[in-house]
Amino acid sequence: QVQLVESGGGLVQAGDSLRLSCAASGRAISTYAMGWFRQAPGKEREFVAAISAYGSNTNYADSVKGRFTISRDNAKNTVYLQMNSLKPEDTAVYYCAADSSFRPSYSYPPKFLDEYDYWGQGTQVTVSS
């Protein structure tokens, strides 16, 4: 049983930065691929970024490449999403997710919702123009 708790969301202006954190408890997540997803009002939940076990590989949505960075600190059992140059279209509830499929560490982490087993409750990010 893994519990995930997101934090760090808030209200910012376009061009500002935020760092989201996802703290895991219940078991170590060092062998899990971890992902960030977001859901804007009236839209489907979409992939944002993912990182493989041990942090060797990452995937990003095209819309956030060059602006967002996913990282992990397995000693703290925590995953981060650094968001720079925020835009109004980044406004959404951001969710942290864990993939317990025990994928090889050299594999690229998945970007599909159905690949993930555990989800946090989300944190709101609002970017004003």
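The preceding data block contains the structure.
This write-up is about the structure you can find in this document. This structure is a prediction, so every number in the text was calculated from the model and none was measured.

Among the structural elements, Ala-97 can be located in strand β9 (residues 92-99). The exposure class assigned to Ala-97 is buried, which follows from its relative accessible area of 0%. For the pair formed by Ala-97 and Asp-117, sequence separation is 20 residues and the distance between their alpha carbons is 7.2 Å. Once residues lying within four places of it in the same chain are set aside, the contact partners of Ala-97 are Leu-4, Ala-33, Met-34, Gly-35, Phe-37, Tyr-116, Tyr-118 and Trp-119.

What follows is about the state of the cysteines. A full pass over the atoms with the stated rule returns one disulfide. The disulfide that involves Cys-22 links it to Cys-96, with 2.0 Å between the sulfurs. Taking the sign of the S-S torsion, about -80 degrees here, the bridge from Cys-22 to Cys-96 comes out left-handed. Taken together, the residues Cys-22 in strand β3 (residues 18-25) and Cys-96 in strand β9 connect sequence positions 74 residues apart. For the pair shown, Cys-22 and Cys-96 are each scored as buried.

Let's shift gears to the sheet that holds strand β8 (residues 78-83). Read across the sheet, four strands follow the order β1-β3-β8-β7 without closing on themselves; strand pairing throughout is antiparallel. At either margin of the open sheet sits one strand with a lone partner, and together these are β1 (3-7) and β7 (68-73). Across this sheet, the average inter-strand angle for adjacent strands is 15 degrees, counted without regard to direction. Here β3 runs beside β8; their pairing, made up of six bridges, is antiparallel. Directly across from Leu-18, in β8, lies its bridge partner Met-83.

Attention now goes to unusual backbone geometry. In the Ramachandran plot, Tyr-54 falls in the positive-phi region, its phi being about 70 degrees despite a non-glycine side chain. Residue Tyr-54 is classed as exposed on the basis of its relative accessible area of 52%.

Quick notes on the rules
- Residue indices follow the written sequence of each chain, beginning from 1 at its first position.
- Only residues with pLDDT of at least 70 get local features here, since the model is predicted, and only at 80 or more are side-chain atom pairs given and counted; chain-wide, interface and lining totals rely on the full set of residues.
- Side-chain figures throughout are based on the complete set of non-hydrogen atoms in the structure, without hydrogens or water.
- Secondary structure elements follow DSSP: runs of H or I no shorter than four residues count as helices, runs of E no shorter than two count as strands, and numbering proceeds from the N terminus.
- Only protein chains enter the accessibility calculation, which uses a 1.4 Å probe; a residue whose area is less than 20% of its type maximum is buried, one above 50% is exposed, and one in between is partly exposed.
- Contact between two residues is taken to exist if any of their heavy atoms lie within 4.5 Å; hydrogens are not considered.
- Sulfur atoms of two cysteines make up a disulfide when they are within 2.5 Å.
- The rule for pairing is simple: two strands pair if DSSP sees at least two bridges between them.
- For every element, the axis is a line fit to its C-alpha atoms; helices are fit only across the contacting stretch, and the angle between N-to-C directions ranges from 0 to 180 degrees.

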